[in-house]
Every structure is written in structure tokens, then in C-alpha cells.
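Commentary on secondary and tertiary structure
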Amino acid sequence: MIIAANLKTNLTRAETLEYLKSLESCLSKSSITQEVLVFPATSSIVAHNGKIIVGAQNAHGAIKGAFTGEIGSMHLDEFGIKTILIGHSERRHVLGESQEELVKKFDFYKNLGFKIVYCVGEPLEVRESGFDNMMEYISKQYEGIDTNYENLIIAYEPVWAIGTGLTPTNEDIASLHKELKKKSASALLYGGSVKVSNAKEVLSIDAVDGILVGGAALNAQDFCEMCKIAQEIEKN
Ligand code: PGA
């Protein structure tokens with residue numbers, strides 16, 4: 001399974017180093033063989049050797065250039081980063097990235113062979129407008145994306161479940177994931193208010209290949225607990 005931590009705009013570089021150290025130690029004590037990804041804030045990106053794969057929450061689709069406030073692939077290369085999150089709902093809805101921009105970014109990092117965690121998900125009003133509308137909305141987020149890309153991981157994250165403590169029912173996650181698996185055979189993560197107390201039920205759902213965790217991953221011990229839960233489930 002794939003267990004990913006999106007640290008968002010939290011943890012300084014010093015705190016991130018501490019986080020990675022305690023997470024590595026917990027993972028090795030627990031003999032975790034799951035794929036563990038951590039996405040620190042951009043200025044906290046570090047070159048990391050170990051079990052954890054460190055990825056970028058964002059970067060511009062260019063090696064370098066006149067893109068004030070952005071970083072390019074050369075800045076990721078400096079730290080050996082080969083994994084990137086694209087299409088997170090906060091980038092789509094808070095920072096206004098369009099599907100067209102995301103596709104360009106996707107293609108750029110795909111051509112560099114990056115592992116891409118590509119996020120999709122619907123806002124509450126779309127969900128409430130019915131299943132067909134919701135599927136149509138989510139389908140648009142697949143437009144232009146190479147769903148056969150070998151290093152692609154998709155994360156389904158309903159916007160209304162992110163950071164709110166709300167989660168869809170297990171049945172809703174199961175049926176959505178079943179639909180989304182028809183669009184791409186890539187690993188499919190669920191994200192949105194996953195925490196230690198619900199990780200087991202979420203990870204046990206068919207067609208859930210892992211989780212993308214925000215708030216509850218900020219504590220390295222809690223995040224490690226979720227990795228242990230995934231390890232247990234995979235054994236059974
Ligand atoms: P959350 O965030 O776990 O805090 O809901 C998930 C995400 O944004 O990836």
C-alpha cells in the first residue's frame with residue numbers, strides 16, 4: 001500500500017528533519033515495507049536517504065526561468081526529488097490552477113519520469129447535485145492526463161472532506177473508487193480527514209490502495225501508526 005503525508009504549509013526545515021528522523025526510526029522498528037511518501041513545504045524540502053520517499057507539493061513545469069515565487073525541476077534535482085503532487089484541491093480551488101495548467105505540469109514532470117500523485121475530487125455542491133453530475137465533474141479532472149503513465153498514483157480526495165473531519169461513508173468511497181478504477185488502473189489513494197482512528201476502515205475498502213493524509217500526518221508517531229495499520233492489513 002501507499003501511505004502519503006501532505007504536510008502542506010507546516011513544519012520548518014528543522015522540524016521536517018526531526019519529523020523524518022522520528023518517522024524513519026518508527027518505520028524501521030516496525031519493519032514497514034509499505035511505500036511511504038512525505039511531501040514537506042517547499043522550503044523544507046531535503047535530500048533524504050532512507051525508507052521514506054520525499055516529494056514536492058508543487059513545482060512549476062519548467063527547469064528554471066521567469067516564474068516569480070515558483071521553483072523549477074532544477075531546484076528539485078538539487079535535492080534528488082523525483083516525486084511530485086499535482087492537482088491537489090488547494091492548488092485547484094484556493095490557488096486557482098486550471099486543468100490546462102495542471103496538464104502542462106503533469107506532462108513536464110511525466111517526461112522527466114517523476115512519480116506523480118495526481119489528485120481529483122469534487123466540492124460539496126457537486127456531490128449534492130447527484131452521482132452523474134459528480135462523475136462528470138471528476139471525469140473532467142482526468143482530461144489531458146495520461147492515465148496509463150507507469151509512475152502515476154491517483155488520489156481521490158473529496159474537497160468537502162479535506163481538513164473538515166467529514167468523510168464519505170465506506171460504501172461511497174468503495175463505489176467511487178470502483179468507478180475511478182475504470183478510468184485508470186493506477187494505484188488509487190483515498191484522502192480527506194483520514195486519521196489513526198479511521199485508517200483501518202478506509203484502508204480495508206476494496207480498491208483503496210492507500211491514503212493521502214494531511215492534518216493527522218503532522219504528528220510523525222500518528223502517521224507511523226497509520227503505516228503500521230496498512231502493514232497489518234496487507235498481511236491479512
Ligand atoms: P486532511 O488533508 O487529511 O487534513 O483532510 C488531506 C489532503 O489535503 O491531502
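Please refer to the structure placed before this passage.
In short, a report on the structure. (Residues numbered from 1 in each chain as written. Predicted model: local features only at pLDDT ≥ 70, side-chain atom pairs only at ≥ 80, totals over all residues. Heavy atoms only, no water.)

Structural notes on the packing of helix α8 (residues 196–203) against helix α9 (residues 220–235)
Spelled out, the test is: Every axis in this analysis is a line fitted to C-alpha atoms, fitted for helices over the stretch in contact. Angles between the N-to-C directions lie between 0 and 180 degrees. Strands are runs of DSSP state E lasting at least two residues, helices are runs of H or I lasting at least four, and both sets are numbered from the N terminus onward. Our angle categories are set so that under 35 degrees counts as roughly parallel, over 145 as roughly antiparallel, 65 to 115 as roughly perpendicular, and the remainder as oblique. If you view the pair so one helix is near and one far, a crossing is left-handed when the near helix is turned anticlockwise from the far one by less than a right angle, and right-handed when it is turned clockwise. Two residues qualify as a contact provided that any one of their heavy atoms is within 4.5 Å of a heavy atom in the partner residue.
Direction vectors running N to C along α8 and α9 enclose 25 degrees, while the axes themselves pass 9 Å from each other. As judged from the angle between their axes, α8 and α9 are roughly parallel. Between α8 and α9 the crossing geometry is right-handed. On α9, the residues that touch Val 196, Ala 199, Lys 200 and Leu 203 of α8 are Asp 222, Glu 225, Met 226, Ile 229, Ala 230 and Ile 233.

As for helix α1 (residues 13–29)
In plain terms, the rule: Each residue after the first adds 1.5 Å to the expected span of a helix. Between buried and exposed lies partly exposed: a residue is buried under 20% and exposed over 50% of the maximum accessible area for its type, with that area taken using a 1.4 Å probe on protein chains only.
Here α1 spans 24 Å end to end across 17 residues, near enough to the 24 Å set by a 1.5 Å rise per residue. When α1 is considered as a whole, its buried residues turn out to be Thr 16, Tyr 19, Leu 20, Leu 23, Glu 24, Cys 26 and Leu 27. Buried residues belonging to α1 abut β1 (2–6), β2 (35–39), β3 (53–54) and α9. Taken from the residues just after α1, Ser 31 is the one with a positive phi, measuring 50 degrees.

Some thoughts on the nonpolar core
The condition is simple: Only buried residues count toward a nonpolar core. Its members are Ala, Val, Leu, Ile, Met, Phe, Trp, Tyr and Cys residues joined through side-chain atoms within 4.5 Å.
Of all hydrophobic cores here, the largest spans 65 residues; its most connected members are Tyr 19, Leu 23 and Phe 223. No other element matches the eight residues that α9 contributes to this core. In this structure, Leu 37, Cys 119, Ile 153 and Leu 189 belong to the second largest nonpolar core, which totals eleven residues.

Some points on the pattern of salt bridges
Heads up, the rule is: Salt bridges are identified by distance alone: a Lys or Arg side-chain nitrogen within 4 Å of an Asp or Glu carboxyl oxygen.
All told, the structure shown has eleven salt bridges when counted by the stated rule. Note that Asp 146 and Lys 110 form a salt bridge whose closest N and O atoms lie 2.9 Å from each other. Here Lys 110 lies in helix α4 (residues 99–111) and Asp 146 lies in the loop between α6 (131–140) and β6 (152–156), a separation of 36 residues in the sequence. Among the salt bridges present, the one from Arg 127 reaches Asp 172, with a minimum N-O distance of 3.3 Å. With a gap of 45 residues between them, Arg 127 in helix α5 (residues 124–128) and Asp 172 in helix α7 (residues 170–183) connect regions that are remote in the sequence. Take Arg 127: its relative accessible area is 18%, and that puts it in the buried class. A residue is classified by how much of its surface remains accessible, and Asp 172, at 32% relative accessible area, is partly exposed.

Points about the site of the ligand
Definition in use: Each residue is tested against the molecule or strand, and it is near if at least one of its non-hydrogen atoms lies within 4 Å. Any pair of nitrogen or oxygen atoms within 3.5 Å is treated as a polar contact; in protein, a donor-acceptor pairing is required on top of that, and neighbouring residues in sequence qualify only through side-chain atoms on both sides. Any residue that is not Ala, Val, Leu, Ile, Met, Phe, Trp, Tyr, Cys, Pro, Asp, Glu, Lys or Arg is counted as polar, Gly included; the first ten are nonpolar and the last four charged.
Around the ligand, the structure places 13 residues, and the nearest of them are Lys 8, His 88, Glu 157, Gly 163 and Ser 193. With respect to the ligand, the backbone of Ser 193 contributes an N or O atom lying 2.8 Å from an oxygen atom. Within the contact set of the ligand, an oxygen atom lies 2.8 Å away from a backbone nitrogen or oxygen of Gly 215. For the shell around the ligand, a count of residues per class yields four nonpolar, seven polar and two charged.

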